[in-house]
Amino acid sequence: MSDTDAQSVFFMRDTMLPQVPPPAGQSGPVRWLRENLFSGWFNTILTICGLIALYFLLRGLLPWFAHSVWTADTLSECRQIIAAKWGPDATGACFAVVRERWTQWLFGFYPRHLYWRPVLTLVLMFVAMAPVLFPGVPRKLMIFSAIYPFLGFWLLWGGSAWVPLGGMAGFVLGYIAWRVLRENRPLVGILVAVVIALLWWLLLAGPVIDLFRSIAPLAIESVRSDRFGGFVLSLTIGVAAIAISLPLGIALALGRQSDMFLIKTLSVGFIEFIRGVPLITLLFTASLLLNYFLPPGTNFDIILRVIIMVSLFAAAYIAEVIRGGLAALPRGQYEAADSLGLDYFQAQRLIVLPQALKISIPGIVSVFIGLFKDTTLVIFVGLLDPLKGITDAVRASIDWKGIYWEPYIFVGSIFFLFCFGMSRYSMYLERRLKRDHR
Amino acid sequence: MKKTVFFGTLTAAGLAAGLASAATLDDVKARGELVCGVNPGLTGFAAPDANGTWTGFDISLCRAVAAAVLGDGTKVRFVPTTAETRFTALASGEIDMLARNSTWTFSRDTDLALDFAGVNYYDGQGFMVNKALGVTSAKELDGATICIQTGTTTELNLADYFAINNMSYTPVAIQSNAEGEQQYLAGACDAYTTDASGLAATRAAFATPSDHIILPEIISKEPLGPATRQGDSQWNDIVRWTLNALVAAEEYGVTSANIEELATNSQNPEVKRLLGTENNLGAMIGLDADWAKRAISVGGNYGEIFSATIGESTPIGLARGLNAQWTQGGLLYAPPFR
Amino acid sequence: MAHAVERPKDTFRLSMLIYDTRYRSLTIQVIVFLLVMAGAAWLVDNIIRNLSALGKDFDFGFLGVRAGYDIAQRLIPYSQNSTHAMALLVGLMNTLLVAVLGCIMATIVGVMVGVLRLSSNWLVARLMTVYVEIFRNVPVLLWILLIYTVFTEASPAPNAFRPDPQTGEVTKTLFLGLFAITNRYTAIPNLQFEQGLGSLDLGLFSLNLTFAAVVVLLAIGLYVRSRIIRHATAVQHATGKRPQTWWKSLLVVFLPTILLCIALGAHFDLPVLRGFNFVEGLNVSNSLMALWLALSLYTGAFIAEIVRAGILAVSQGQSEAAFALGLRPRRTMNLVILPQALRVIIPPLISQYLNLMKNSSLAIAVGYLDLRGTLGGITLNQTGRELECVLLMMLIYLAISLVISSGMNVYNSRVKLKER
């Protein structure tokens, strides 16, 4: 008995079993399907619904895309090609219009031989932003970033180089005045700097520029604002507005945090007013009302008027983003600055703002994305935005009358690439900044 | 001035900007170009081509004025204006003159601070419908859906017409002629209403124009004309008399082809005064003697412009009708040049 | 070693205005005040001079003048003989209509998509991600135009629903016998009352009594329901058992309203094709449909992200703790996760509502006559009073925004973590 018992209990495998693949239902694609698509009745229904939706979407769109025509001169020719190739009932996209007119969507009516200028401006913009975006870049480049707005203006609009140089001179003069005075009288220094800069711009700049122009014109071919259109216009308005609104937004954010009742009230009032009205009403203000607010007879370019209003609009949103950045700074930073004996401006400049701005970069990027998308609204004040303005202009020619989907798809995909890219980048920044803080 | 304006904006929101003087003529001369507010896209009247060059009936008037004032018909900047922004653009000084098939009405002339400088096209509001609808008269449009541009006199006329005839309708508001065309062709409205000339221009651009008919009823008077800012009578005179010169030139048989010849050896005193070989009329409006000659040479006289842009030989195919010379039974009647 | 520094004498020097922190803020405020006043005076002076140069004045009297134009969609009685002020009201109602409809739809879409993006279903989660990214990263104007074009270009004309004159064959029929999507409007059944209560003329506009009665009944029902719930909670606190309330709630909220509707002979009028168009039913214009759908889908994508972030913000430990306490999944959701997630979700959600309301001004792209279309569009153009019209329009939008955001502030202060 004990023997048999021993026999039966003492079983020990002395050979490895060959490896057997897991049961069919627990491995490979089947398992993946079960886990990810058909776990439970609810998920199964969802999957089936999703598949049906996908099927209908693709059934409509795939042939249309597959039958697309890229070379044709007119819409009717396009339709003929599709009918000849795929049968009379076939539908197909006519992307020939994109091939034919894509420069118009990108550059508007910008002179054809000068296309390099907006492109160069765009490339230089990345150079100018490099010190802000990448920590490894030498600080010297900051000087280029400071010059860039004037350089970009000159490249886009052309004309004499003395005009942007004269504009820049105001800042330089103000800066010098501030450097000289800041040792003993910091506040007076700021005041004097502002006054000197204003005096220069208002009184001296005009004649001085004229003088230099008469000596050496230094001019490149000038391009009038009404030639601007398409993505050149969108980017110009978007980038200029963000650049102008940053300092304004910082001032408003600090004003909103201030202890001074009047300044706080004004800042809050301004921010809430701008955030409370649609952008389109501000654009109407730019096109209809701005002339009422300025001295009689003053008149300037609608693009500049739009940039001014869009900058004010962006400033309110940027102010809120920066306020978030300021609030996210630990209290200790402020206290540390105070305990070092720094005054308000020193503390803001050396300790608070550098950190707050860094935290705010992702927020600023998303404000920019929103603004960039909103630049399409300028069509309603008569500027040629890429989405409706240029598309309508293309459709106005008899060749492309009645083409609707293809332009929208083309413009939409460019917007998507821009905005999606930027939002991904801002997410990456956010992750990187988070790591820095730990 | 352009530079300081531009520059001033960058510096202190226009503080440094040169204050435009009250006289538009001086501004235009100083600027070296005429700024003309036009329709952003109405085939035949004003539309840019692929290169951004503008052509059309209204455009030709702007070019004639530019030629008269600046001596060069190409020195014009065309500012596309919507129906809603056009008068403000003019009043604010953004544009020097408006040539955008705008109807001359009492309230616009008085209340909106505009001065109309005559009529360059006598028009009336009509309806276009699809032939398949089987409608032959506007009186049969009861209950119809009608596409109509907002911000124009047409919507007021339409409301009045249907109220008078005790009919009902559903308005579909559209922003531009292009949009109206799209809506109408897609069948989103039964009828499209605007000025009869606009209807013809729109229909001409259709793939099959013959499928659509313009109903015989003309429900309003639409004298379309160029306008200038109120309170600058000199400038208004220039635009008015440039237009008159084009009209008179046709009456006297002055064309772009024979203008040089007539300028030297015409015996007709009226023609001589028009072309500035006798009596310097130009000086009275602040221009030189051969202002009218230049204006006419750009695109020809009124008849030439008409037939080149919207006349029967063009796809638009408008007949002269009311816009014939008074001698031909039309309404065009230029006051004498003396 | 060092002598105690003498306390400086309390004499006042001019430089103290800048360098003494006691006075500095006052100085700065005074300077800013003067600058602001000077700026304002400059602006007002410019306006006055510009107006007089144009021979215009600043006068809202035009609001009382006959408007003279027609508006296709109106929620309150309006005709071309009404005043511009009435046109303004019609436009305002249209703005609010599309904003409210849009907010409801966007919330539904956003919550569904946000939850589905977190679902374990691979396909659906991916599809939802694609939807969110595509809609977020393209201008809303494009969606409005695109959906509008879908309606006008890809849907049949009302005529297509007519039987073929030769064969008598009906090619198109109403969807479910109730709806017809045409290239002009979407015809939907219309709620009608056989014996309406008429309307009460209130001078400025008339009040539809039937509508008012339904609203009042619903409000009373909701109030009674809240009393029932409060009572139930009190009973629960006292006895530990919660009486069933759901059927009582349903009863008090809906029964009176349904009874009233039956009493008044409520029925749906189905759309019928007659003449040019569908009649009897309610024809919702495509401009409204396109605007509504585009705004909802666009804002929905943003709300989906907010909802997702809100749910992810509640840490895993919370639900684990709830399970450890023996709460069932549904109660865990209701009592633990949702209250915390909502605290994260609601503030950005409200600002999305605000955005949607402001974006509704893009109605201009499809010719939907909202506040901008009437006051800031046709009225402005017919009267030429751009200063008055644009300022008034901004003020109205601002007022709506402030009402919404003050609602948010009330909510925020109610759900704020009570810190000790």
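Reading the values: rules and limits
- Residues numbered from 1 in each chain as written.
- Chains lettered and ligands numbered in written order.
- Predicted model: local features only at pLDDT ≥ 70, side-chain atom pairs only at ≥ 80, totals over all residues.
- Helix = DSSP H or I, 4+ residues; strand = E, 2+ residues; numbered from the N terminus.
- Rg over C-alpha atoms; globule rule 2.2 N^0.38 Å.
- Buried ≥ 20, exposed ≤ 12 C-beta atoms within 10 Å, placed from the backbone.
- Contact = placed C-beta atoms within 7 Å.
- Axes fitted to C-alpha atoms, helices over the stretch in contact; angles between N-to-C directions.
- Parallel < 35°, antiparallel > 145°, perpendicular 65-115°, else oblique.
- Left-handed = near helix turned anticlockwise from the far one by under 90°.
- Nonpolar A, V, L, I, M, F, W, Y, C, P; charged D, E, K, R; others polar.
- Domains from an automatic or database assignment.
- Core = buried A, V, L, I, M, F, W, Y, C linked by C-beta atoms within 7 Å.
- pLDDT = per-residue confidence, 0-100.

Of the regular secondary structure elements, chain B holds 13 helices and 13 strands. Its C-alpha atoms give chain B a radius of gyration of 21 Å, near enough to 20 Å, the size a compact globule of 338 residues would have. When the 338 residues of chain B are sorted by exposure, 58% land in the buried category. Here the contacts in chain B between residues at least 6 apart in sequence split such that 70% fall between residues at least 24 apart.

Turning next to the packing of helix H6 (residues 209–239) of chain C against helix H7 (residues 246–263) of chain C. Residue and element names in this part refer to chain C. Here H6 crosses H7 at 165 degrees, and the two axes come no closer than 8 Å. With respect to H7, the axis of H6 lies roughly antiparallel. Between H6 and H7 lies a crossing of right-handed hand. Counting all contacts with H6, which are made through Ala 213, Val 214, Leu 217, Leu 218, Gly 221, Leu 222, Val 224, Arg 225 and Ile 228, the residues of H7 involved are Lys 248, Ser 249, Val 252, Val 253, Pro 256, Thr 257 and Leu 260. For the contact of H6 with H7, the residue count by class is eleven nonpolar, three polar and two charged.

Now for the domain arrangement of chain A. The domain architecture assigned to chain A consists of domain 1 (33–62), domain 2 (106–110 + 225–437) and domain 3 (161–220). Its C-alpha centre places domain 1 of chain A at a distance of 40 Å from the equivalent point of domain 2 of chain A.

Let us look at the nonpolar core. Ranked by size, the top nonpolar core spans 268 residues in total, and within it Leu 283 and Val 306 of chain A, Cys 36 and Val 65 of chain B together with Ile 144, Leu 291 and Ala 294 of chain C carry the most contacts. Here the element with the most residues in this core is helix H13 (residues 302–328) of chain A; it accounts for 18 residues. In contact with Leu 283 of chain A, other than residues within four places in its own chain, are Val 306, Met 309, Leu 377, Val 378, Phe 380 and Val 381 of chain A. Formed by nine residues, the second largest nonpolar core is a distinct cluster that contains Val 163, Trp 201, Ala 205 and Ile 209 of chain A.

Further remarks concern the confidence of the model for chain B. Residues and elements named next belong to chain B. Here chain B averages 84 in pLDDT, while 93% of its residues score no lower than 70. Of all secondary-structure elements in chain B, the lowest mean pLDDT belongs to helix H1 (residues 2–12), at 40, while helix H3 (residues 57–70) reaches the highest, 93. Counted against residues more than four places away or in other chains, residues 1–21, with its pLDDT under 50, gives 56 contacts. With a pTM of 0.85, the predicted complex shows an ipTM of 0.86.

With that out of the way, let us pick up the packing of helix H5 (residues 96–107) of chain A against helix H10 (residues 230–257) of chain A. All names here are of chain A. The interhelical angle for the contact between H5 and H10, taken along N-to-C directions, is 15 degrees, at an axis separation of 2 Å. If you check the angle between H5 and H10, you find them roughly parallel. Contact with H5, carried on its side by Gln 104, Trp 105, Leu 106 and Phe 107, involves Gly 230, Phe 231 and Val 232 of H10 and no other residues of that element. The residue inventory of the contact of H5 with H10, partitioned by class, reads five nonpolar, two polar and no charged.

With that settled, the discussion passes to the interface of chain A and chain C. Taken together, the contacts link 44 residues of chain A with 46 residues of chain C. Elements that contribute at least two residues to the side of chain A that touches chain C include exactly helix H3 (40–66), helix H11 (261–276), helix H12 (279–293), helix H16 (386–396) and helix H17 (405–437) of chain A. The element best represented in the side of chain A that touches chain C is H12 of chain A, accounting for nine residues. Grouping the amino acids of the side of chain A that touches chain C by side-chain chemistry returns 29 nonpolar, twelve polar and three charged.

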